[in-house]
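Examining the three-dimensional arrangement
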Amino acid sequence: MKYCSHGNFFSLPNEIFLWGLNSGAFAVYSFLRRCEDRKTHQCWPSIKTIGKAVNMSENTVRKYIRQLEERGIIATEPTEIITKAGEKRNGNLLFTLRPIQEVIDEYYARQMDEMELMVERQRVAKLLAKQENPA
C-alpha cells in the first residue's frame, strides 16, 4: 500500500537519536518525514493513514503526535474541507516538520536553562545553609 507520493527511500536526520523518542513517536515521526514535501516541510496524512502505516490505533497515533508537538519537533494545524454539498468539515491535520537545526538549538537552549536553574538552586541552598549555621 502506498501512502505518500515520494520515491523508494527517505532520510532521517542523525540527530533524531538525541531527542529521546520512544519507538512509537519515532515511528510516527518517520512516517511524517516519509510523507513531507521537501520544500515546504509539510504533509497532511490522516490519523487513520498514519495508524495503518505504523500499525497503531488512531488514539495511539494522536498520543505520539502530541509528544512530538510538545518537544517542538512538529507543529500541527487543523484544515477544513468543503463537501460537494457546500458544507464545511474538518480536514486532516496539516503537519509541519520543523527544521532539524531549530529543534536542536531549542533542545540545547532548554538544557542550558535547566542547568542555570540548577546552579541557582545550589547557590540559594548554600546561602540558606550559611544563614542556618553561621560559623
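A brief report on the enclosed structure follows. (Residues numbered from 1 in each chain as written. Predicted model: local features only at pLDDT ≥ 70, side-chain atom pairs only at ≥ 80, totals over all residues. Heavy atoms only, no water.)

**What about the overall build of the protein?**
The line we're drawing: Put simply, DSSP marks the helices as runs of H or I at least four residues long and the strands as runs of E at least two long, and each gets a number from the N terminus on. Buried, partly exposed and exposed residues are distinguished by accessible area as a fraction of the type maximum, computed with a 1.4 Å probe on protein chains only: under 20%, between the cut-offs, and over 50%, respectively. Any two residues whose heavy atoms approach within 4.5 Å at even a single point are treated as in contact.
A tally of regular secondary structure across the protein gives four helices and five strands. In the protein, the succession of α and β elements from N to C terminus is α-β-α-α-β-β-β-β-α. Each of the 135 residues in the protein was classed as buried or not, and the buried ones make up 28%. Pairs at least 24 residues apart make up 54% of the contacts formed inside the protein by residues separated by at least 6 positions.

**What to know about the packing of aromatic side chains**
Let me state the cut-off plainly: Aromatic pairs are defined between Phe, Tyr and Trp rings, using the six-membered ring for Trp, whenever the two ring centres lie within 6.5 Å; interplanar angles under 30 degrees are classed as stacked, those over 60 as edge-to-face, and all others as tilted.
Inspection of every chain in the model, using the stated rule, returns three aromatic pairs. Plain terms: the ring middles of F17 and F26 are 5.8 Å apart, the flat faces sit at 35 degrees to each other, and that makes the pair tilted. The exposure class of F17 is exposed, given its relative accessible area of 64%. We classify F26 as partly exposed; its relative accessible area is 26%.

**Looking at helix α1 (residues 23–35)**
Defined as follows: Here a helix's expected span is defined as the number of its residues, less one, multiplied by 1.5 Å. Any pair of nitrogen or oxygen atoms within 3.5 Å is treated as a polar contact; in protein, a donor-acceptor pairing is required on top of that, and neighbouring residues in sequence qualify only through side-chain atoms on both sides.
With 13 residues, α1 extends 18 Å from end C-alpha to end C-alpha; this agrees with the ideal 18 Å at 1.5 Å per step. Across the 13 residues that make up α1, a large majority, 10, are buried. Among all positions in α1, only G24, A25, V28, Y29, S30, F31, L32, R33, R34 and C35 are buried. Contact partners of the buried residues in α1: β1 (42–43), α2 (47–54), α3 (58–70), β2 (74–77), β5 (94–97) and α4 (100–132). Where α1 begins, one side-chain oxygen reaches toward the backbone nitrogen of G24, 3.1 Å away; that side chain belongs to N22.

**Points about a nonpolar patch on the surface**
Heads up, the rule is: Candidates for patches are residues over 30% relative accessible area with no salt bridge; among them, like charges are joined within 9 Å and nonpolar side chains (Val, Leu, Ile, Met, Phe, Trp, Tyr) within 5 Å. For every accessible area listed, the method is Shrake-Rupley and the probe measures 1.4 Å; residues are considered covered only by the protein chains on display. When a carboxyl oxygen of Asp or Glu is within 4 Å of a side-chain nitrogen of Lys or Arg, the pair counts as a salt bridge.
Together, M112, M115, M118 and V119 make up an exposed nonpolar region whose accessible area comes to about 390 Å². With respect to the helices and strands, the residue M115 is situated in helix α4.

**Thoughts on unusual backbone geometry**
One non-glycine residue, H41, lies in positive phi territory at about 60 degrees. Residues other than glycine seldom take positive phi values, yet N55 does so here, at roughly 60 degrees. Along the polypeptide, N55 turns up in the loop between α2 and α3. Given the relative accessible area of 73%, N55 is considered exposed.

**Here we look at the nonpolar core**
To keep it simple, the criterion reads: Put simply, a nonpolar core is a bunch of buried Ala, Val, Leu, Ile, Met, Phe, Trp, Tyr and Cys residues held in one set by side-chain atoms that sit within 4.5 Å of each other.
By size, the foremost hydrophobic cluster in this structure holds 25 residues, and its most contacted members are W19, V28, Y29, I50, I74 and F95. Counting residues per element, the ones that place at least two in this core are α1, α2, α3, β5 and α4. No other element matches the six residues that α1 contributes to this core. For Y29, the residues in contact, after removing those within four places along its chain, are L12, P13, I16, W19, L68, I73, I74, L97 and I100.

**What to know about the sheet that holds β2**
Applicable threshold: We call two strands paired when DSSP finds no fewer than two bridges between them. Geometry is summarised by axes, namely lines fitted to C-alpha atoms with helices restricted to the contacting stretch, and by angles between N-to-C directions that run from 0 to 180 degrees.
Here three strands make up an open sheet; going across it, the order is β1-β5-β2 and the pairing antiparallel. Strands with a single pairing partner mark the edges of an open sheet, and in this sheet they are β1 and β2. Note that β1 and β5 share two bridges and pair antiparallel. Bridge pairing links C43 to F95 in β5. In the packing of α3 onto the sheet, the strands contacted are β2 and β5, and the crossing angle to β2 comes to about 120 degrees.

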